[in-house]
Each structure stands twice: as structure tokens, then as C-alpha cells.
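A look at the structure
So you can see what is in the structure, the chains are spelled out below.
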Amino acid sequence: MSVVTCKAPVNMAVIKYWGKRDENLILPINDSISATLDTDQLSAKTTVMASPDFKTDRIWLNGIEESISNKRLQNCLQQMKQRAQLSNEISKWKLHICSENNFPTAAGLASSAAGYACLVAALAKLYKVEGDISTVARIGSGSACRSTMGGFVRWYMGTDPTGYDSVAKQIVPASHWPEMRILILVVNDSRKKVSSAVGMRRTLETSEFLKYRASHIVPKRVNEMERAIHEKEFRTFAKLTMQDSNQFHAACHDAYPPVHYINDTSHSIIEFIHSYNTALGTVKVAYTFDAGANATLFLLEEDVSPFIAVLDYFFPFSKNISIEYKRGIPIQSILPSKELLDKIDFEKQPPGKLKYIIHTKIGNGPRQFCDPEDHLLNDRGFPLRVTDSGSR
């Protein structure tokens, strides 16, 4: 019996990928850039166990057993077994896989990226695979390739039809921009109506604007973003991040039928951020929205407390909620400036528009846990935690 447990991060794209030129290999139509978020606040944790006693491969996700026959999952397993540096006999042992997220799944918070990056990282340790694993994570979930490393990461679309050059590479490590902070405003943590895969395919098939964006706008924008990251030029970084988010959702709206991921509260957040920056006379906060209604905000550490004070005023939390409202890195509470509040041209929202807030920072890539207490599977290869419908 052999067992490995790893934890892998979520990544949030600041230059988006949307559209595949090859559905099977998951080859994108443009480059993308993302920020890796700290695993202390947002992560997937996966235990993989191989044993000659297991009769079949099995997988449990968040306490529920799922089908192991998923095509993308099978592609990842086959690729890692082919690269295994173990005896042929051991590489043929059946696997039990257990994975958990500490954040909502399929709600536009990059759960599949963290999940597949974690699976591939754990399999790499189990099978003693060396070298780049981003190409294997990519065939599980495109953006998962960016979660195989920390800091800021660029996923190159590549040109070869085999996909060998469609790889992720680190731009800078997490230590390059330690002042950068991220606030995730959770608007809706339920499963989205249109999956990313369906929305992406529909947009690519019906939107000429998406194709123009990929060929004429993104190539220049990714280079501008990379320079802004290297130079730690926040205002340029922020402007490009917001413009790209808006353009991505514009392309989704241009699909036929249109694909809507952001809602009325999302639009209110966008309006609020621009009003806040205008009142300060400079860009202090940037927003981006992936394929979901939840907002990811980028700002510098020194601006977190002043911003949260104003956010709490304009988006008051509901006093009736029983869950923890502010999560992650602790935020020092201060009173908002009345002068600033008067300058912000935005209408105060009714309580409860935001479900909760996660405060995090730029983080590192996947890491392995060696303490048996960290495993998600028991000695017999079954989950330590299951839901009512999680075991058969």
C-alpha cells in the first residue's frame, strides 16, 4: 500500500482564457495570466492510495462517491501512470482517491483548477514523476495547469497540435509582491446554471467578438500585464484586470443564446469599485469576475482596512446570519472617513447582499503532507468523512 496527501491552491485569472481550439487536449485560443491564492484560505486537499488489494479505482469528492469514468479524470490517470518511475506491477495497482475543497464547488471560484492540480501533484509524488506536470493538469481542467505553481503564472496557448507547448510557467514567485492582497466577495455560492465548459463552447461557436479578442487584444494585453507584475505597477495591473474581466463577460453576453454569470449584485460591486476609486482620485482596488457572480478584488495590504470600512458601510452584512462573515487573514477594524463616504457616488445597499468575505494573499504551489493525521483515507482506503449519500 502507498499513500500520498497534497494540498493545491486556487488561482484567479487576471487575463482570462475562454475558448478551446481542442476540446480533448484542452488547448486554449489565447494565453492567460493568473494569481495563485494562498492555500491557508482556499485550497483542494487530496489523498491518493494505491494497493494490490483494491478491486477497482474509486473516487470521493467532498464526502460523496463519484464516477471514476469521467473522461478528463481518466486522461490524467493514464498520463501519470505512463510517466511513472515505479515497477510496472505497482503502477497497475488500483487507486482510491479522496478530495475535499474548503470553499464552494462550481460557484465560479476555480474549484476544478485546484482539484485537478492537487490530484496531479499527488499522483506525481505517488508515482515519482519528475518534471513539468502542468500539461497533465491541463487535460483535467484547463486552468488547473496554472495551479501547479505559485505566485503569478502565465499559461501559454502554444501552437503545436499535440499540446506539448501549451504549458504554464511562473512569471514571479509569491515573494515578489508580498503587499498584494485579495478579497473574495461571495455573492452566490450555489452551483452555476451554465457550466464553464458549456458556456465556453457556446461563446466560441457563436461570438465573433471572442475570436477578435483572442487574436487581436489578448496577445498585447498579456505582455502588458506581465510587465506590470514584474514592475509591481499596481495601477496598470488593476486597470488591465478590470478591463479584461469586463471584456470576458461582454463576450459571454455576445454568445447566442447569451451566457450570464454575473448578477445584479455583481454589477453593483463593479459600480461601487469605480465610485470608490474615483472618490480617492486613483485606482486603489481592482475587481475581476470569473464564470460566476462572486467578485475577486485585488488591493495592497495598506489599503485593506480603509476599504473594508467603506465596503461594510455600503454593503452591510445581515445581522441574522449564523455563519462567519469575515474569513481568512484577520482584518483590523477601523471607522470609515465621513468625508470619503460623502464623496462616493453610490447608493447604500440593503443588508445581506454579500454572503461572506474571504481575505487572502498570493500563495505558493501544491505541497505534500507527510503526517498520517493529514490523510483523508483510512488504513483500508476509505474516506474518514462521508455525507449521508457518500458511501455505498
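To be clear, the structure that these remarks concern was listed above.
The sections below set out a description of the structure shown in this document. Only a predicted model underlies this, so the values are computations on that prediction, with no experimental measurement involved.

**Overview of the overall build of the protein**
Each helix and strand counted, the protein has 10 helices and 17 strands in total. Taken over C-alpha atoms, the radius of gyration comes to 21 Å for the protein, in line with the 21 Å a tight globule of 392 residues would show. Across its three principal directions, the C-alpha atoms of the protein cover 70 × 45 × 40 Å. Burial analysis of the protein (392 residues in total) assigns 56% to the buried set. Pairs at least 24 residues apart make up 79% of the contacts formed inside the protein by residues separated by at least 6 positions. Accessible surface, the protein: about 17300 Å² in total, of which carbon and sulfur atoms supply 49%.

**Some points on the side chain of Ser143**
Turning to its location among the elements, Ser143 is positioned in the loop between helix H4 (134-140) and strand S10 (152-155). Among all residues touching Ser143, those that are not within four sequence positions of it are Asn11, Tyr17, Ala113 and Trp155.

**With respect to the packing of aromatic side chains**
One pass over the full model with this rule turns up 20 aromatic pairs. With 5.9 Å between their ring centres and 45° between their planes, Phe272 and Phe307 make a pair best called tilted. On the criterion of sequence distance, the pair formed by Phe272 in helix H8 (residues 264-280) and Phe307 in helix H9 (residues 304-314) is long-range, its members being 35 residues apart. Phe307 carries the same exposure label as Phe272, and that label is buried. Between Phe272 and Phe315, the aromatic rings sit 5.6 Å apart at their centres with planes inclined by 75°, giving edge-to-face as the arrangement. You can see Phe272 sitting in helix H8 and its partner Phe315 sitting in the loop between H9 and strand S15 (326-328), a full 43 residues away along the chain. Classification of Phe315 as buried rests on a relative accessible area of 1%.

**Quick word on a nonpolar patch on the surface**
On the surface, a nonpolar cluster with roughly 230 Å² of combined accessible area is contributed by Phe317, Ile321 and Ile323. For Ile323, the location among the structural elements is in the loop between H9 and S15. Given the relative accessible area of 41%, Ile323 is considered partly exposed.

**Let's talk about the nonpolar core**
Counting residues in hydrophobic clusters, the biggest one holds 98 residues, and the most contacted among them are Phe152, Phe237 and Phe307. No other element matches helix H3 (residues 111-126), which puts 11 residues into this core. By size, the runner-up hydrophobic cluster in this structure holds 19 residues, among which are Ile29, Cys145, Met149 and Ala291.

**Topic: the environment of Val136**
Considering the arrangement of structural elements, one finds Val136 in helix H4. Residues Val136 and Leu25 lie 111 residues apart in sequence; the distance between their C-alpha atoms is 9.4 Å. Ignoring sequence-local partners within four residues, the contact set of Val136 consists of Cys76, Gln79, Met80, Arg83 and Val120.

**Some thoughts on the sheet that holds strand S17 (residues 367-369)**
Reading across the sheet, the 6 strands line up as S8-S7-S9-S6-S1-S17 and stay open at both edges, with mixed pairing between neighbours. Each end of this open sheet is capped by a strand with a single partner; those strands are strand S8 (64-66) and S17. Across the sheet, the mean angle from the axis of one strand to that of its neighbour is 25°, orientation sign disregarded. Inspection of the sheet shows strand S6 (residues 43-51) paired to strand S9 (residues 94-101) by 8 bridges, in the antiparallel sense. If you follow Ala50 over to S9, its bridge partner there is Leu95. Strands in contact with H3 are strand S1 (2-9), S6, S9 and S17; relative to S1, the strand with the most contacts, it is inclined by about 145°.

**Details of H3**
Helix length check: H3, at 16 residues, gives a terminal C-alpha distance of 22 Å against a target of 22 Å (1.5 Å per residue), a fit within 8%. Along H3, 13 of the 16 residues are buried, which leaves the element largely enclosed by surrounding structure. Once H3 finishes, Lys128 follows within two positions and takes phi at roughly 55°, a positive value.

**A few points about the sheet that holds strand S5 (residues 32-36)**
Taken together, the 4 strands give an open sheet; going across it, the order is S2-S5-S10-S11, and neighbouring strands pair in antiparallel fashion. Because the sheet does not close on itself, it has two edges, and the strands there are strand S2 (11-15) and strand S11 (168-172). Looking at each pair of strands side by side, their axes are set apart by 35° on average, direction ignored. In this structure, S5 lies alongside S10, joined through 4 bridges in antiparallel fashion. Across the sheet, residue Ile33 finds its bridge partner in S10, namely Arg154.

Parameters and conventions
- Residues numbered from 1 in each chain as written.
- Predicted model: local features only at pLDDT ≥ 70, side-chain atom pairs only at ≥ 80, totals over all residues.
- Heavy atoms only, no water.
- Helix = DSSP H or I, 4+ residues; strand = E, 2+ residues; numbered from the N terminus.
- Rg over C-alpha atoms; globule rule 2.2 N^0.38 Å.
- Buried < 20%, exposed > 50% of the residue type's maximum accessible area, 1.4 Å probe, protein only.
- Contact = heavy atoms within 4.5 Å.
- Areas by Shrake-Rupley, 256 points an atom, 1.4 Å probe, with all protein chains shown as cover.
- Phe/Tyr/Trp six-rings, centres within 6.5 Å; stacked < 30°, edge-to-face > 60°.
- Patch = residues over 30% accessible without salt bridge, like charges linked within 9 Å, V, L, I, M, F, W, Y side chains within 5 Å.
- Salt bridge = Lys/Arg side-chain N within 4 Å of Asp/Glu carboxyl O.
- Core = buried A, V, L, I, M, F, W, Y, C linked by side-chain atoms within 4.5 Å.
- Pairing = 2+ DSSP bridges.
- Axes fitted to C-alpha atoms, helices over the stretch in contact; angles between N-to-C directions.
- Expected span 1.5 Å × (residues − 1).

These values are about where atoms sit, not about what they do.
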